[in-house]
Every structure is written in C-alpha cells, then in structure tokens.
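Topology and contacts: notes
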Amino acid sequence: MLKSQTSVDVSIISQLPTGSTVDIEVIMPAGSKRLKTEFVGYMSGQYIILNCPSAQRLGAALDYVKEGTYVVVRAVLEQGDGQIIAFKSMIKAVTTHPTKLIFLFLPRAVQSYQLREQVRIPTLIPAVFNTSDHSEVGVIKDISLSGLQFDLHSDDVCPNTDLKEQDCEILLEGKQNQQFKLNGEICRVKQKEGLVMLGIKLKNDQTFMEAIMKEYLIDLSVLQADQKY
C-alpha cells in the first residue's frame, strides 16, 4: 500500500520542473475527465499555471475548463525519489493569447504518496553502465530488490542524450571476479553538482537480486523492515 501524508506547505509544487507531465482531472457534474498536460509554472502565493489540452483531447470536458471549475492535479516529483503529489484546486482563469493556459488557485493542502515499496540500501559499488549507444563507469549509490540509483559524472554523459525510458544494463564484478549483469529501464534522470543520477527499475528476478546483495554483504533482513520508502 502506498503511504501518504498531507502537507500544508504547498511550495512543494515548485519542485515540479517546467514542462514536466502532470495528470489533470476535470470535475464535471456528471463525472470527471482525466488527461495529461504540461506544468508551466508556479508563482509563490499566487497561482499555478498549466498548459491547456486541446479541444479534441478535452472532449466533453471542454465546456468545463473555465473559471470556477474544480480540478485534481497529480504529478511525480522526479527529485523526490518516486514521490507522487496530488491536490485539488479551482480554476482561477483561462487565457487564450498568446497561448491557451490554465491558471489555478493555490490549494489549501498537498497530498503526497511514496511510490517505493522496498527499502533502498546505501552502497558504493563501482560498475559499468551500458545502453545501446552509451557506456560509462559509475557507482551504484543505493539498491533494492527492484531498483537502484546509479551515479555518473556529468562530463562523461552527452548532454543531448535522452536517457529516460531507455533500456540499460549494469555490469559489476563479484569477490571472485565473476561478472554480474543487471537489466533495467531508466525511469528517472536528475543532474546535480557535476553528477547525473539515474533511477533504474530492475528486471532481474528476486532470487538473482538476493544473490547479488549477499555477494556484497548486504543484510537482507533490512529489506523486510517497515520503512517509509
């Protein structure tokens, strides 16, 4: 089950990068309509700005995208290690020039949910990161049975490379020089202080991952602990 908490600090919305995808649910008298759009900006103490979906995508909800309509917004914080935020707000205004934008009142509170169901164990394991057209040496900073964070020096990563949603493999050596290969998909990319930090969802089965952790003397009992992430 996802663990949630409610915060009155709505400034957490400012952590959404401009242009990131959000889920907007338009509340109508006879139901609701959910669709994707883009986060445009957050003005502290004033309003939230979203790109307005096209009339074709809005469908029956088109007539309700106007001042006074309630909407529910959901988004994933890429900087929050898989944290979902959700809030309910009212449309303050809709502009048409120079482009169609939705302005929302600031919500009274923001609900947040932790996506991670398994504990991440801090590590410092050197490994090789490979995609179909890229190979670099880096470090596994944390790991669980289903995912890991892999850090690369930003100077070694082509800035034009779109790594998100690419398949990848992580190669590492055991204590007897045997090679292990972890297969995964890049689900998060964050750049900070000269590093590119990749959140990778692993595709290897649990038995294989348990063997990897034992190889690196990771105490598997902590994976059963009741942690918030």
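Sequence positions are assigned chain by chain, starting from 1 and proceeding in written order. Where totals are concerned, whole chains, interfaces and linings use all residues; where local detail is concerned, this predicted model gives features only for residues with pLDDT of at least 70, and gives and counts side-chain atom pairs only at 80 or more. Hydrogens and waters are ignored; side-chain quantities use all the structure's heavy atoms.

Turning next to the pairing of strand β14 (residues 195-202). Burial classes follow relative accessibility: with a 1.4 Å probe on protein chains only, a residue under 20% of its type's maximum area counts as buried, one over 50% as exposed, and anything between as partly exposed. Numbering of helices and strands starts at the N terminus; helices are DSSP runs of H or I of at least 4 residues and strands are runs of E of at least 2. For β14, the tally of buried residues reaches six of eight residues, placing the bulk of the element in the interior. Two strands form a pair only when DSSP identifies at least two bridges running between them. As judged from the eight bridges shared by strand β13 (residues 179-192) and β14, these two strands associate in the antiparallel manner. Counted as the bridge partner of G184 is L202 from β14. Linking β13 to β14, which pair antiparallel, is a turn of two residues; within it E193 sits at a positive phi near 50°.

The pairing of strand β9 (residues 121-131) with strand β12 (residues 167-173) spans three bridges and is antiparallel. Within β12, the residue paired with V128 across the bridge is L171. For β12 and β13, the ladder comprises seven bridges, and the chain directions are antiparallel. Its bridge partner being in β13, D167 is matched across the sheet by E185. Here β12 hands over to β13 after five residues, with N177 in that stretch at a positive phi of 65°.

So, about the pattern of salt bridges. Side-chain pairing between opposite charges can occur once the charged atoms of the two side chains come close. Salt-bridge detection follows one rule: a side-chain nitrogen of Lys or Arg within 4 Å of a carboxyl oxygen of Asp or Glu. One pass over the structure, following the stated rule, counts seven salt bridges. Here D23 makes a salt bridge to R34, at a shortest N to O gap of 3.1 Å. Here the residue D23 occupies a position in strand β2 (residues 21-28), and R34 occupies one in strand β3 (residues 31-43), the gap between them amounting to 11 residues. By relative accessible area, D23 is classed as buried at 9%.

So, about helix α2 (residues 206-215). Looking at α2, one finds that the buried residues are M209, I212, M213 and E215. Projected onto a plane normal to the axis of α2, the buried residues spread over an arc of 160° and lie on a single side. Opposite the buried face of α2, at more than 90 degrees from it, the exposed residues are T207 and K214. By definition in these notes, contact holds between two residues if any of their heavy atoms fall within 4.5 Å. Of the surrounding secondary structure, the elements contacted by the buried residues of α2 are β10 (134-143), β13 and β14. Arc definition: it is the arc formed by the directions from the helix axis to the C-beta atoms.

Another aspect to go through is the packing of aromatic side chains. A pair of aromatic rings is counted whenever rings of Phe, Tyr or Trp (Trp by its six-membered ring) have centres within 6.5 Å, and the orientation is called stacked for planes under 30 degrees apart, edge-to-face for over 60 and tilted otherwise. If you walk through the whole model with that rule in mind, you get three aromatic pairs. Measuring from ring centre to ring centre gives 6.4 Å for F180 and F208, while their planes differ by 70°; the resulting arrangement is edge-to-face. Here F180, found in strand β13, pairs with F208, found in helix α2; they are 28 residues apart in sequence, far enough to count as distant. What makes F180 buried here is its relative accessible area of 14%. Comment: the charge-over-ring label is applied if NZ (Lys) or CZ (Arg) is within 6 Å of the ring centre and within 35 degrees of the ring normal. For the cation-ring pair, K88 lies above Y70, with the distance from its terminal atom to the ring centre recorded as 5.0 Å.

Attention now goes to the sheet that holds β10. With respect to topology, six strands assemble into a closed barrel ordered β9-β10-β11-β14-β13-β12, the strand pairing being antiparallel. When the angles between neighbouring strand axes are averaged without regard to direction, this sheet yields 45°. To define axes, lines are fitted to C-alpha atoms, for helices over the stretch in contact only, and angles between the resulting N-to-C directions are given on a 0 to 180 degree scale. Packed onto the sheet, α2 meets β10, β13 and β14 and runs at close to 85° relative to β13.

It is worth spelling out the side chain of D151 at this point. Tracing the backbone shows D151 in strand β11 (residues 147-153). Residue class for D151 comes out buried when judged on its relative accessible area of 7%. What qualifies as a polar contact is a pair of N or O atoms within 3.5 Å, subject to a donor-acceptor requirement within protein and to the restriction that residues adjacent in sequence count only when both atoms come from side chains. Side-chain polar atoms of D151 contact the side chain of Q149, separated by 2.9 Å. Among all residues touching D151, those that are not within four sequence positions of it are G138, V139, K141, L195, V196 and M197.

Any functional reading would require information that these geometric values do not contain.
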